[in-house]
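In case you want the letters, here they are:
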Amino acid sequence: MAKVVVITSGKGGVGKTTSTAALGAALAQSGQKVVVVDFDVGLRNLDLLMGAERRVVYDLVNVTQGLAKLPQALIRDKRLENLHLLPASQTRDKDALTEEGVAQVITELRSWFDWVICDSPAGIERGATLAMRFADTALVITNPEVSSVRDSDRIIGLLDSKTKKAEDGERIEKHLLITRFDPARSATGEMLSIDDVLEILATPLLGIVPESQEVLRASNLGTPVTLSNPASAAARAYMAAAQRLMGEDVPMTIPSDKKSLFDKLFGRRAA
Amino acid sequence: MSLFGLFGQRRSAPVARERLQILLAHERSLCGQNDLLSILREEILGVIAKHVKVERDNVVVKMDRGDNVSLLEIDVEIPNSASPLLAMTA
Ligand SMILES: Nc1ncnc2c1ncn2[C@@H]1O[C@H](COP(=O)(O)OP(=O)(O)O)[C@@H](O)[C@H]1O
Ligand SMILES: [Mg+2]
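Nothing here was measured: the structure is a model prediction, and the numbers come from that model.

Participant: Explain the overall build of chain A to me, please; I cannot follow it from the model alone.
Facilitator: Looking only at helices and strands, chain A features 13 helices and 10 strands. At 17 Å, chain A has a C-alpha radius of gyration in line with the 18 Å of a compact globule built from 271 residues. Seen through its C-alpha atoms, chain A measures out along the principal axes to roughly 55 × 40 × 35 Å. When the 271 residues of chain A are sorted by exposure, 55% land in the buried category. The contacts of chain A with a sequence gap of at least 6 include a subset with a gap of at least 24, amounting to 71%.

Below, the structure is given as structure tokens:
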């Protein structure tokens, strides 16, 4: 059965789009049929990180408005045949997306894919609530930094009240993905620790993605980091997170790019 | 680097942690309170609407939180034309 996952955070610039591309690719690399959907209407970027910016013809808004059929708008990845992208439109009309339109598209995508991964825009307004509306699972992307943690707390509140699942009295599954983590600075007390963030947000951990040069390189190339450099710390972190999403029991580590060190085992399992 | 430099000044994470814990405890309780207020507002509107016609925007429900007691303030503006009963006494 298909799973709809929203990648959300409240705060901008924490790594939602990066994570959508990397997790989408990681799941596809594991043989799953995946579509990544860009909900950031007006500020689309997922096409760039996927290296598909020159192949966009139709977009999510065109489909919801009946101007294009879904198969016309879907872009198949050049490297992974079971990975697809549904781009956002560049319209400045904030109300271009309607709830009914989104509901229809998500229902159709569910019938074709194993995973529907929705890249949320920043903020707590309509765009963000529409992106989470029909999700089964939410990944809250958090940086170990005060404003990001606070915004994650707000988003967790919204997930528990504004999603269809919550309104129907069901529980929406929530996980934390901590990104841009710097183990050295956390060890010296300059950066919130993983335990601090987990204790404050009281949400189970899906993975820890370290701050990594490879992420910038991947975005320069337009290739998700799990494809551009599978051996890098960020790629291994996203691969492990994808495996946990698929229900595999993978030990929690903080992958490191320093060759001499083994990945530090983090004494905790994903819940 | 001096020990003070290492442990006294650079350890800002514990401060962040404490500030967040206090702030989020406050914001989470506010969120619950906002919900209580909107529930009260809807029910009060319902009761009033049974008897007189009022504009939604003319019903204001506020909560002033004190240390020991809180004050619930309900402000309802009713045009005299909205109810024959009011018009008679006016
Ligand atoms: N693990 C990481 N290490 C280094 N840079 C990162 C990492 N994750 C994200 N970034 C960078 O942070 C910036 C914002 O990322 P992005 O995915 O666009 O965030 P969002 O979609 O939440 O706004 C980008 O420049 C990206 O390259
Ligand atoms: Mg983004």
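Anyway, onward from the coordinates.
Participant: It is not clear to me how unusual backbone geometry should be interpreted in this structure. Could you clarify?
Facilitator: When glycine is set aside, most residues are seen to have a negative phi, and most peptide bonds are trans. Residues and elements named next belong to chain A. With phi around 60 degrees, R180 is a residue other than glycine that occupies positive phi space. We note that A202 has phi near 45 degrees; this positive angle belongs to a residue other than glycine. Residue placement: A202 occurs in the loop between α10 (194-201) and β8 (205-210). By relative accessible area, which is 67% here, A202 ends up exposed.

Participant: I tried to follow the site of ligand 1 on my own but got confused; where do I start?
Facilitator: Residues and elements named next belong to chain A. Near ligand 1, the surroundings consist of 13 residues, among which G13, K16, T17, T18 and R180 are the closest. In this structure, an oxygen atom belonging to ligand 1 sits 3.2 Å away from a main-chain N or O atom of V14. With respect to ligand 1, the side chain of T17 contributes an N or O atom lying 2.8 Å from an oxygen atom. Notes on ligand 1: free accessible area 560 Å², of which the protein chains cover 78%.

Participant: Even after reading the chapter, I still don't get the packing of helix α7 (residues 146-162) of chain A against α10 of chain A, so can you show me in this structure?
Facilitator: How two helices pack is summed up by the angle between their axes together with the distance between the axes. Residue and element names in this part refer to chain A. One can describe the packing of α7 onto α10 by two numbers: an axis separation of 10 Å at closest approach and a directional angle of 35 degrees. The two elements α7 and α10 meet at a crossing, and its hand is right-handed. Here α7 contributes V149, S152, D153 and I156 to the contact with α10, which in turn contributes V197, I200 and L201. Grouping the amino acids of the contact of α7 with α10 by side-chain chemistry returns five nonpolar, one polar and one charged.

Participant: Just checking my understanding: could you explain the side chain of E214 of chain A for this structure?
Facilitator: Residue and element names in this part refer to chain A. If you trace the backbone, E214 turns up in helix α11 (residues 213-221). Given the relative accessible area of 16%, E214 is considered buried. A polar contact of 3.3 Å, which involves the side chain of E214, links it to the side chain of R217. Leaving out residues up to four positions away in the same chain, E214 has contacts with V225, N229 and S232.

Each value, and the rule that gives it
Residues numbered from 1 in each chain as written. Chains lettered and ligands numbered in written order. Predicted model: local features only at pLDDT ≥ 70, side-chain atom pairs only at ≥ 80, totals over all residues. Heavy atoms only, no water. Helix = DSSP H or I, 4+ residues; strand = E, 2+ residues; numbered from the N terminus. Rg over C-alpha atoms; globule rule 2.2 N^0.38 Å. Buried < 20%, exposed > 50% of the residue type's maximum accessible area, 1.4 Å probe, protein only. Contact = heavy atoms within 4.5 Å. Near = heavy atom within 4 Å. Polar contact = N/O pair within 3.5 Å; in protein donor to acceptor, adjacent residues only side chain to side chain. Areas by Shrake-Rupley, 256 points an atom, 1.4 Å probe, with all protein chains shown as cover. Axes fitted to C-alpha atoms, helices over the stretch in contact; angles between N-to-C directions. Left-handed = near helix turned anticlockwise from the far one by under 90°. Nonpolar A, V, L, I, M, F, W, Y, C, P; charged D, E, K, R; others polar.

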